[in-house]
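Structural description and commentary
Below are the chains, spelled out letter by letter.
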Amino acid sequence: MDFLMSIDNTYIQLLGELKERIRHAQQRAALAVNTEMLELYWYIGSIISKQIMEAGWGAKVIDRLSADLKSEFPDIKGFSVRNLKYMRAFADAYSEFVQPPVAQLKSAEKQGDEFMQLPVAQIPWSHHTVILDRVKDANIRMYYIRKTLENGWSKDVLALQIENRLHERQGQAITNFERTLPKPQSDLAKDTLKNPYLFDFLGIGEDIQERELEKALVQHIRKFLLELGKGFAYVGNQYHLQIGNEDFYLDLLFYNFHLHCFVVFELKIGDFKPEYAGKLNFYVNAIDEQIKSKEDKQTIGVLLCKTPNETIIRYSLKGIESPLGVADYQLPKKLKSEMPTIEELESAMKKLK
């Protein structure tokens, strides 16, 4: 019996290893196909760009090239006039990243592997078209390429993140992480937070109460997690803690698998007040004492409120030993009703008289 169990355990282990190897091979095959296509598109784009600059090619030549390529390769999609223009933009945008490896790509397999490792070569063409359309700065383009790889964004999510200007908000929360967390945890934690957080997905206005805001975020938890970013897992809202025979309730509790720690979010309507930091510090200490395991890193607290005065926030965080951050949030602007008010109707009636 023990012998049969040993064989079974060995088989399960080997099966697991084979599955992992097959998945890895599938990923590399998909990446190789994507890389080959991007190399081709970059080459076509570079030829078009060169001829436009040196031979004065115009729109009619690109139209003709599109028609000829589609005629010669009817089974291959991607040779539309619009896509050829994207290819030119792609070659112009990434010449410094793509050109050196591509020039040597056919000479050695190792150099091809190096090209495959470039971030530009690892995201789909459809994502490139979104970035080329909406981002003109080279450094910001690379930012969204890397974030797409890190988070596995779909094309639509990438477009949303660009529209919401993630690059301007990432890592902008006011924190004391540099003093309270060791490196590189402090840098990773700071980069994880945003300022402001955008809650445009909520169908509510600025006149909401705190509990209503909390409920709305929980009801839209998937979109809330997308806005929070990579690694967050929802633990609960109004999370109960009993401390010294008294009951306390955290607004929102998450766990971040990349930071390896619990993250407490407290929601406040209106401007930051110094006493908010003390209460959040209390909650963080309670989580560390009651829930955090030895394997978890120090709990982080985040206060979401209006943050007009950065100096007051920094003074309030100074001296607190728990890692805390403060960030603003934006709600959808309340649309004014198209129906006139009673006062407006009465005023109009008086004018008619």
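Shown above is the structure to which this text applies.
Residues numbered from 1 in each chain as written. Predicted model: local features only at pLDDT ≥ 70, side-chain atom pairs only at ≥ 80, totals over all residues. Heavy atoms only, no water.

On a plain count of helices and strands, the protein comes out with 16 helices and eight strands. Here the protein, with 353 residues, has 41% of them falling under the buried criterion. (Helix = DSSP H or I, 4+ residues; strand = E, 2+ residues; numbered from the N terminus. Buried < 20%, exposed > 50% of the residue type's maximum accessible area, 1.4 Å probe, protein only.)

Time to look at helix α6 (residues 125–134). Burial analysis of α6 places seven of its 10 residues in the buried class, which makes it a mostly covered element. Looking only at α6, the buried set comprises W125, H127, H128, T129, V130, I131 and L132.

Let us now look at the sheet that holds strand β3 (residues 232–243). Read across the open sheet, the six strands follow the order β1-β7-β6-β5-β4-β3; overall the sheet is mixed. Where the open sheet ends on each side, the last strands, each with one partner, are β1 (174–175) and β3. Here strand β4 (residues 246–256) pairs with strand β5 (residues 261–271) via five bridges, running antiparallel. Opposite L253, over in β5, you have V264 as the bridge partner. Those strands touched by helix α13 (residues 221–228) are β3, β4 and β5, and its axis lies near 65° from that of β4. (Pairing = 2+ DSSP bridges. Contact = heavy atoms within 4.5 Å. Axes fitted to C-alpha atoms, helices over the stretch in contact; angles between N-to-C directions.)

Where burial is concerned, the two faces of strand β7 (residues 324–327) agree: the one with L324 and V326 and the one with G325 and A327 are both buried. Two elements, β1 and β7, share two bridges in a ladder whose sense is antiparallel. The partner of T175 across the bridge, within β7, is G325. The sheet contact formed by strand β6 (residues 300–306) and β7 spans four bridges and is parallel. Bridge pairing in β7 places V302 opposite G325. Handedness of the β-α-β unit built from β6, helix α15 (residues 310–317) and β7 comes out right-handed. (Right-handed = clockwise from strand over helix to strand, strands pointing away.)

Attention shifts here to the side chain of N176. One can find N176 in the loop between β1 and α10 (177–180). Leave out the neighbours within four places in its chain, and N176 touches L317, I320, S322, P323 and L324.

Our focus in this paragraph is the packing of helix α3 (residues 81–93) against α6. It is at 10 Å that the axes of α3 and α6 come closest, and there the two elements cross at 75°. Of the possible angle classes, the one that applies to α3 and α6 is roughly perpendicular. Residue-level inspection shows R82, N83, Y86, M87, A89, F90 and A93 of α3 in contact with α6, the latter providing W125, H128, T129, L132 and D133. Class assignment of the residues belonging to the contact of α3 with α6 gives a composition of seven nonpolar, three polar and two charged. (Parallel < 35°, antiparallel > 145°, perpendicular 65-115°, else oblique. Nonpolar A, V, L, I, M, F, W, Y, C, P; charged D, E, K, R; others polar.)

Axis separation between α6 and helix α8 (residues 155–163) bottoms out at 9 Å; the angle between their running directions is 20°. In terms of axis orientation, α6 runs roughly parallel to α8. As for how α6 packs across α8, the hand of that crossing is right-handed. Counting all contacts with α6, which are made through S126, H127, V130, I131 and R134, the residues of α8 involved are K155, L158, A159 and I162. Here the residues of the contact of α6 with α8 sort into five nonpolar, two polar and two charged. (Left-handed = near helix turned anticlockwise from the far one by under 90°.)

A separate point is the packing of aromatic side chains. In total, this model carries 19 aromatic pairs according to the counting rule given. Measuring from centroid to centroid gives 4.7 Å for Y41 and W125, while their planes differ by 75°, and the two rings are edge-to-face. A residue pair is termed long-range when its members are at least 10 positions apart, and Y41 in helix α1 (residues 2–54) and W125 in helix α6 qualify at 84 residues. Judged by relative accessible area, Y41 falls into the buried class, the value being 5%. Between F248 and F282, the aromatic rings sit 5.0 Å apart at their centres with planes inclined by 65°, giving edge-to-face as the arrangement. Of the two residues, F248 is situated in strand β4 and F282 in helix α14 (residues 274–290); the sequence distance between them amounts to 34 residues. One aromatic cluster is present, built from ring pairs that chain together Y197, F199, F201, F224, F232, Y234, F254, F265 and Y329. (Phe/Tyr/Trp six-rings, centres within 6.5 Å; stacked < 30°, edge-to-face > 60°.)

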